[in-house]
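Examining the three-dimensional arrangement
Residues per chain are reported as follows:
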Amino acid sequence: MAYLTKHPKSPYFTACFRDHENKWRRKTTGQRTKGKALLVAHDFEAAHRLAREGQATVAIFREMCDELLKKVGAGTLAQKSLRDFTAEWLQGKSANKADGTVRRYEGTAKRLLELLDKKADLPIGAVTPTDIKEVFDKLAGFGLAPTSLSCERATISSIFNTAIRLDLISSNPTKAIELPDHSKHKQVKRLIFTPEQVQWLLDAATPEWKTAILAAYYCGLRLGDAVMLGWSNVDFVANELKITQRKTGEAVEVPLHPSLQAHLSAIAKDDTGPLCPGLASTYSRGSSLSREFLGLMKKVGIGNESVATAGKGNLSRLSFHALRKSFNSALANAGVDQEMRMSMTGHLSKSVNDTYTKMEAEKKAKATGLLPSLKV
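Note that this is a predicted model, so its numbers are computed, not measured.

Describing the pairing of strand β5 (residues 240-244)
Where strand β4 (residues 234-235) lies against β5, 2 bridges are found, and the strand directions are antiparallel. Among the inter-strand pairings, D235 is bridged to a residue of β5, identified as E240. The loop that links β4 with its antiparallel partner β5 comprises 4 residues; one of these, N239, has a positive phi angle of about 55 degrees. Sheet topology places β5 next to strand β6 (residues 251-255); 5 bridges connect them, and they run antiparallel. Its bridge partner being in β6, L241 is matched across the sheet by V254.

Some details on the sheet that holds β5
The 3 strands are arranged β4-β5-β6 in an open sheet whose pairing can be described as antiparallel. Edge positions in the open sheet fall to β4 and β6, since each of these has one partner strand only.

Here we look at the packing of helix α8 (residues 207-219) against helix α11 (residues 277-284)
Contact geometry for α8 and α11: axes closest at 8 Å, N-to-C directions at 80 degrees. Comparing their axes, α11 and α8 come out roughly perpendicular. For the pair formed by α8 and α11, the contact residues are E208, W209 and A212 on the first element and P277, G278 and L279 on the second.

Examining the environment of Y3
As for its placement among the helices and strands, Y3 is situated in strand β1 (residues 3-5). Residue Y3 is classed as partly exposed on the basis of its relative accessible area, which comes to 42%. A sequence separation of 11 residues divides Y3 from T14, and the C-alpha atoms of the two residues are 8.5 Å apart. Not counting residues within four places of it along the chain, the set of residues in contact with Y3 comprises T14, A15, C16 and W24.

So, the sheet that holds strand β2 (residues 14-18)
Read from one edge to the other, the open sheet built from 3 strands follows the order β1-β2-β3, with strand pairing classed as antiparallel. The strands lining the two open edges of the sheet, one partner per strand, are β1 and β3 (24-28). Going from strand to strand, the sheet's axes swing by 30 degrees on average, the running direction of each strand aside. Inspection of the sheet shows β1 paired to β2 by 3 bridges, in the antiparallel sense. From the neighbouring strand, T5 faces β2, where its bridge partner is T14.

Digging into helix α7 (residues 195-204)
What α7 keeps buried is the set Q197, V198, L201 and L202. Each buried residue of α7 sits inside an arc of 140 degrees when the element is viewed along its axis, so together they form one side. Looking at the packing, one finds that the buried side of α7 touches α8, α12 (289-299) and α13 (321-333).

Regarding the nonpolar core
With 44 residues, the main nonpolar core has F193, W209, I213, F293, F320 and L323 as its most contacted residues. Residue contributions to this core peak at 8 residues, all from α8. The residues contacting I213, other than those within four sequence positions of it, are V198, L201, L202, A205, F293, L296, F320 and L323. Of all hydrophobic cores here, the second largest spans 24 residues; its members include Y105, L112, I132 and A163.

Basis of the calculations
- Residues numbered from 1 in each chain as written.
- Predicted model: local features only at pLDDT ≥ 70, side-chain atom pairs only at ≥ 80, totals over all residues.
- Heavy atoms only, no water.
- Pairing = 2+ DSSP bridges.
- Helix = DSSP H or I, 4+ residues; strand = E, 2+ residues; numbered from the N terminus.
- Axes fitted to C-alpha atoms, helices over the stretch in contact; angles between N-to-C directions.
- Parallel < 35°, antiparallel > 145°, perpendicular 65-115°, else oblique.
- Contact = heavy atoms within 4.5 Å.
- Buried < 20%, exposed > 50% of the residue type's maximum accessible area, 1.4 Å probe, protein only.
- Arc of directions from axis to C-beta.
- Core = buried A, V, L, I, M, F, W, Y, C linked by side-chain atoms within 4.5 Å.

Right, dumping it as structure tokens:
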């Protein structure tokens, strides 16, 4: 039977009880009143007795701790399930993240909850590193490339990190996950469009797609930014396009190229609505405009240069996003310095901008010609 002792110099009662090895143990109750301290002492003894008898489970201990906290007026351990917490986490992200990013988060969350199955309905603190490892083993079995697995881990880790900041859990179960080394896998190199290919696309495009293509090619816009452009983003007086990028929140101002300026002047309206209302509506519903653009490419005879990734999927080396890379590369080949290119594309680091820069062979040849000649 558990009992209490109290050191004359301590304000707290100490519980004395038999532990899971049936040895006498002393542990502070953290309680100043004898009644509450005795409740803690009895629960200490009960928990260790269950462990001694092989009946200990996380669920039982959690329930016991929760009841004890209520008895001594110290709150509760009651937690939301991982499923409910994830839903709230996604709702919070939807308020300050780009639509495309939120859809990616939703996809990752859906896969996590489906693979955890019934465990997703347990309190979030009951999810263990072993559970998360099993999830990633299954994702790897689906053929996800290392970079995709890394994105999945980052998103899932963010969910649990938020729970830690809210004091719902003490550790992140994704920390123990080891993923394949990216450096061992050859990254797919994206291509750029030639000016002739862009002209083919413009000639075959619908009016709205023509606007989106020109905006991407002459301002380096991503697909979402291009189709969601509004007339409020167009400043004809300053001859600039001014937007806040949906993905990064970075504000950029890009001068209107004469070809884009002429096109926008021809379709200008006296309102602040979208330049491409049909495409904007489709994008807002989550439909894939990327596939629609690939269809336009196919129509004019431009292949998407699909290649196998490190996983089981394929990746298009040419897509709408290649217009953004074409914009950056054209500026680089024209001698525009990287700082200026970054300010126009909204890239936050030189390393990212480097991946969007493809130097022409002629430009490289001229650079090589600047080296001193040697006698051979």
